[in-house]
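Examination of the molecular architecture
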Protein chains: 2
Amino acid sequence: MSAVATVAKGSPLAIICGSGSLPFAVADAATNSGRSVILFAIRGAADAERVAKYPHKWGSVGQFGRLQRMLNDAGCRDVVFIGGLVRPALWQLRLDFKTLTLLPRLAAAFRGGDNHLLSGVGDIFERNGFHLLGAHEVAPEILVPEGPLGKTKPSERDREDIETGLGYLRAAGPYDVGQAVVVSGRHVLAVEAVEGTDRMLARVAELRAAGRIPSAAGTGVLVKAPKPEQDRRFDLPSIGPQTVASVVKAGLAGLAIIAGETIVADPAEVAAAADRADIFVVGMKPGTTR
Amino acid sequence: MSAVATVAKGSPLAIICGSGSLPFAVADAATNSGRSVILFAIRGAADAERVAKYPHKWGSVGQFGRLQRMLNDAGCRDVVFIGGLVRPALWQLRLDFKTLTLLPRLAAAFRGGDNHLLSGVGDIFERNGFHLLGAHEVAPEILVPEGPLGKTKPSERDREDIETGLGYLRAAGPYDVGQAVVVSGRHVLAVEAVEGTDRMLARVAELRAAGRIPSAAGTGVLVKAPKPEQDRRFDLPSIGPQTVASVVKAGLAGLAIIAGETIVADPAEVAAAADRADIFVVGMKPGTTR
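Residues numbered from 1 in each chain as written. Chains lettered and ligands numbered in written order. Predicted model: local features only at pLDDT ≥ 70, side-chain atom pairs only at ≥ 80, totals over all residues. Heavy atoms only, no water.

Quick word on the environment of Ala193 of chain A
Here Ala193 of chain A shows up in the loop between strand S8 (187–191) and helix H9 (197–209). Not counting residues up to four positions away in its chain, the partners in contact with Ala193 of chain A are Val177 and Gly178 of chain A together with Val188, Leu189, Ala190 and Val191 of chain B. (Helix = DSSP H or I, 4+ residues; strand = E, 2+ residues; numbered from the N terminus. Contact = heavy atoms within 4.5 Å.)

What to know about the sheet that holds strand S9 (residues 221–224) of chain A
Residue and element names in this part refer to chain A. Taking strand neighbours across the sheet as the criterion, the 6 strands line up as S6-S13-S11-S9-S7-S8 in an open arrangement whose pairing is mixed. Each of the sheet's edge strands pairs with one partner strand only, and the pair in question is strand S6 (147–148) and S8. Two strands pair when backbone bridges link them, and strand S11 (residues 254–258) and strand S13 (residues 280–284) are joined in this way by 5 bridges, in the parallel orientation. Residue Ile257 lies in a different strand from S13, and its bridge partner there is Gly283. The strands that helix H10 (residues 241–249) touches are S9, S11 and S13; relative to S11, the one it contacts most, it runs at about 140°. (Pairing = 2+ DSSP bridges. Axes fitted to C-alpha atoms, helices over the stretch in contact; angles between N-to-C directions.)

A closer look at the side chain of Asp78 of chain A
Topologically, Asp78 of chain A is positioned in strand S4 (residues 78–82). For Asp78 of chain A, the side chain forms a polar contact with the side chain of Arg35 of chain A, separated by 3.0 Å. (Polar contact = N/O pair within 3.5 Å; in protein donor to acceptor, adjacent residues only side chain to side chain.)

Section: the packing of H10 of chain A against helix H11 (residues 267–277) of chain A
Residue and element names in this part refer to chain A. Between H10 and H11, the least distance of the axes is 8 Å, while the angle of their chain directions is 20°. Taken together, the axis directions place H10 and H11 in an arrangement best described as roughly parallel. Pair H10 / H11 crosses with right-handed handedness. Note on element contacts: H11 touches H10 through Glu269, Val270, Ala273, Ala274 and Ala277, opposite Pro241, Val244 and Val248. (Parallel < 35°, antiparallel > 145°, perpendicular 65-115°, else oblique. Left-handed = near helix turned anticlockwise from the far one by under 90°.)

What to know about helix H2 (residues 22–32) of chain B
An α-helical turn contains 3.6 residues, so a residue and the one three or four places further along point in the same direction. Those residues of H2 of chain B not exposed but buried are Leu22, Pro23, Phe24, Val26, Ala27, Ala29 and Ala30 of chain B. Looking one or two residues beyond H2 of chain B, the residue adopting positive phi is Gly34 of chain B, at roughly 95°. (Buried < 20%, exposed > 50% of the residue type's maximum accessible area, 1.4 Å probe, protein only.)

Considering the pattern of salt bridges
Under the counting rule described, the total for this entry stands at 14 salt bridges over all chains. Arg203 of chain A is the partner of Glu195 of chain B in a salt bridge, and the nearest nitrogen-oxygen pair spans 3.6 Å. Placement of the pair is Glu195 of chain B in the loop between strand S8 (187–191) and helix H9 (197–209) and Arg203 of chain A in helix H9, with the two residues belonging to separate chains. Taken individually, Glu195 of chain B and Arg203 of chain A each receive the classification buried, so the pair is uniform in this respect. The residue Glu206 of chain A makes a salt bridge to Arg199 of chain B at a minimum N-O spacing of 2.9 Å. With one member in each of two chains, Glu206 of chain A in helix H9 and Arg199 of chain B in helix H9 form a pair that bridges those chains. Taken together, the shared-partner salt bridges connect Glu195 and Arg203 of chain A together with Glu195 and Arg203 of chain B into one network. (Salt bridge = Lys/Arg side-chain N within 4 Å of Asp/Glu carboxyl O.)

Quick notes on the pairing of strand S13 (residues 280–284) of chain B
Residues and elements named next belong to chain B. Of all 5 residues in S13, 5 are buried; the element is thus mostly enclosed. The alternating pattern of S13 places Phe280, Val282 and Met284 on one face and Val281 and Gly283 on the opposite face, and all of these are buried. When strand S6 (residues 147–148) meets S13, the two strands line up antiparallel, connected through 2 bridges. In the strand pairing of S13, Gly147 is matched with Gly283.

Focus: the sheet that holds strand S9 (residues 221–224) of chain B
Reading across from one edge, S6-S13-S11-S9-S7-S8 (chain B) is the order of the 6 strands in this open sheet, with mixed pairing throughout. In this open sheet, the two edge strands, each paired with only one partner strand, are S6 and S8 of chain B.

Brief notes about the pairing of strand S2 (residues 37–42) of chain B
Moving residue by residue along a regular strand, the side chains alternate between the two faces of the sheet. Residues and elements named next belong to chain B. Counting buried positions along S2 yields 6 of 6 residues, so the element is predominantly enclosed. Side-chain alternation along S2 places Val37, Leu39 and Ala41 on one buried face and Ile38, Phe40 and Ile42 on a second face that is also buried. The pairing of strand S1 (residues 13–17) with S2 spans 5 bridges and is classified as parallel. By the bridge assignment, Ile16 is partnered in S2 with Phe40. Taken together, S1, H2 and S2 constitute a β-α-β crossover, and its handedness is right-handed. (Right-handed = clockwise from strand over helix to strand, strands pointing away.)

Focus on the confidence of the model for chain A
Residues and elements named next belong to chain A. Per-residue confidence for chain A averages 84 on the pLDDT scale, and 81% of its residues sit at or above 70. Summarising per-element confidence for chain A, the mean pLDDT is lowest in helix H1 (residues 3–8) (40) and highest in S13 (98). Within the model, pLDDT remains below 50 along residues 1–8, and this stretch shows 9 contacts once partners closer than five positions in the same chain are excluded. As a predicted assembly, this complex carries a pTM of 0.76 together with an ipTM value of 0.73. (pLDDT = per-residue confidence, 0-100.)

Some remarks on the packing of aromatic side chains
Scanning the model with the defined rule gives 4 aromatic pairs over all chains in all. Here the aromatic rings of Tyr175 of chain A and Tyr168 of chain B are separated by 5.9 Å at their centres, their planes lie at 85°, and the arrangement is edge-to-face. In this pair, Tyr175 of chain A sits in the loop between helix H8 (156–172) and strand S7 (180–184) while Tyr168 of chain B sits in helix H8 (residues 156–172), so the two residues belong to two different chains. Of the residues examined, Tyr168 of chain B reaches a relative accessible area of 1% and is grouped as buried. (Phe/Tyr/Trp six-rings, centres within 6.5 Å; stacked < 30°, edge-to-face > 60°.)

Some details on the packing of H9 of chain A against H10 of chain A
All names here are of chain A. Relative orientation of the contacting elements H9 and H10 amounts to 20°, with a least axis distance of 8 Å. Judged by the angle between their axes, H9 and H10 are roughly parallel. Crossing hand, H9 versus H10: left-handed. Residues Asp198, Leu201 and Ala205 of H9 form the contact with H10, whose participating residues are Gln242, Thr243, Ser246, Val247 and Lys249. Its residues placed into classes, the contact of H9 with H10 shows 3 nonpolar, 3 polar and 2 charged. (Nonpolar A, V, L, I, M, F, W, Y, C, P; charged D, E, K, R; others polar.)

Below, the structure written as structure tokens:
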């Protein structure tokens, strides 16, 4: 145990809070396990109405100095990043002085793709005496378990598509592309990069409507997995009811994620939505491909 | 020389003609080299107005028996496939009898992604006594030469992006994904799969307009290369003035293709459009990455 971790015991957990419902799932899970939490909500990203129900402070991206002061004032050492955050252009930020002094290292992190950026930001927090935790470490119950989440199971054909998808993601991993791919009949239909999973699935839905997808509706799989080099403290893949809705609109048979390495917002609702649409949502054992 | 190739000498070249202007560039090049041509235009794909200026016949996808009769009637042995063709769903086809007898092999080809499909179709032509040629074999002057096509050259930063893009395409090659990728600051911004190059570039333009691209406008490269396993008789990557326009709209610095393995429609207009927009269009030596 490091000195930081010892100090952190009993201190409130800081949740740096982006968009979506995951920050609140993490906050609730940590609270249920007996830990107090403070949300540091990111302006323009976090859901203000829901933030208001928790102890919270507001801040902007690029104001590391201000954030550091707020964290110290609140006595926080353990920090979790969670929720969506569109990576802003550097010149769109109103940087505070502390952030300016960090700029050379941030700029280097920015050049190398998402993994490098996030690891770079993580290092900066650690060097400033904070302890950066993954959401899965403070709220393990938000992780996808192994096996199907609802009643539907992947078919043999679906398992072949999952295998192809995981193989592709592994091969593309060193290039720090997206975390997700759509495969049907072992044929890669779409690859996620900067646009994100929902926009990629919307593209598949459009291509299908335009007759550009050769396989029948109700076949094909969304496969989502962490990048091999990904800093799991930041950016585990996540799914929620919205993902199920997008998979249904794209006309796919289901979706596969990695058990223990994927966050699920609202698992009961995900399972219910999958059952209503008769699609599968399956947590794959890490290291397997089928 | 096979018997087929001997018979083919002096017989008209059959150009199976999809969408876009490439079929006409090939037809003109073959005609200029002293060979007679007949266009077999694909209904719903080929440009009817331009087809009308050449000796031609119309046919539909899935009517292999009819095509075979037309080719034999015209005394054609050498066949070139060229131009865009959206892969149709099997059930959208009105298949003739000959095609029905080929269905088991076509269905097997359909399952394995584009490369397998095209190689499968190629084998069927060869087994039926035709000689399938690549467009580059009958019209080598339509291939991109080495070096910049216009006045602008890639910068050192652009060359790093080209290296990353070619590396990515090589890594993803076994998965038979698309032929193109957009890279900026060594970060993969978009990957082409079923949607095609123009739609991928439109996506980059939209993401940039939405502030989702962290690098400045005027940086980043479209990199396009044949898939490693690709049957080059069918589906060499191609660029034209439209590609340059899409690269400009996406706010990129330029585009890189492989010399001798990429077809360029209207090279003079491509160079002029690149010069007007001050972007580079560079033919990379095959096997190099920078």
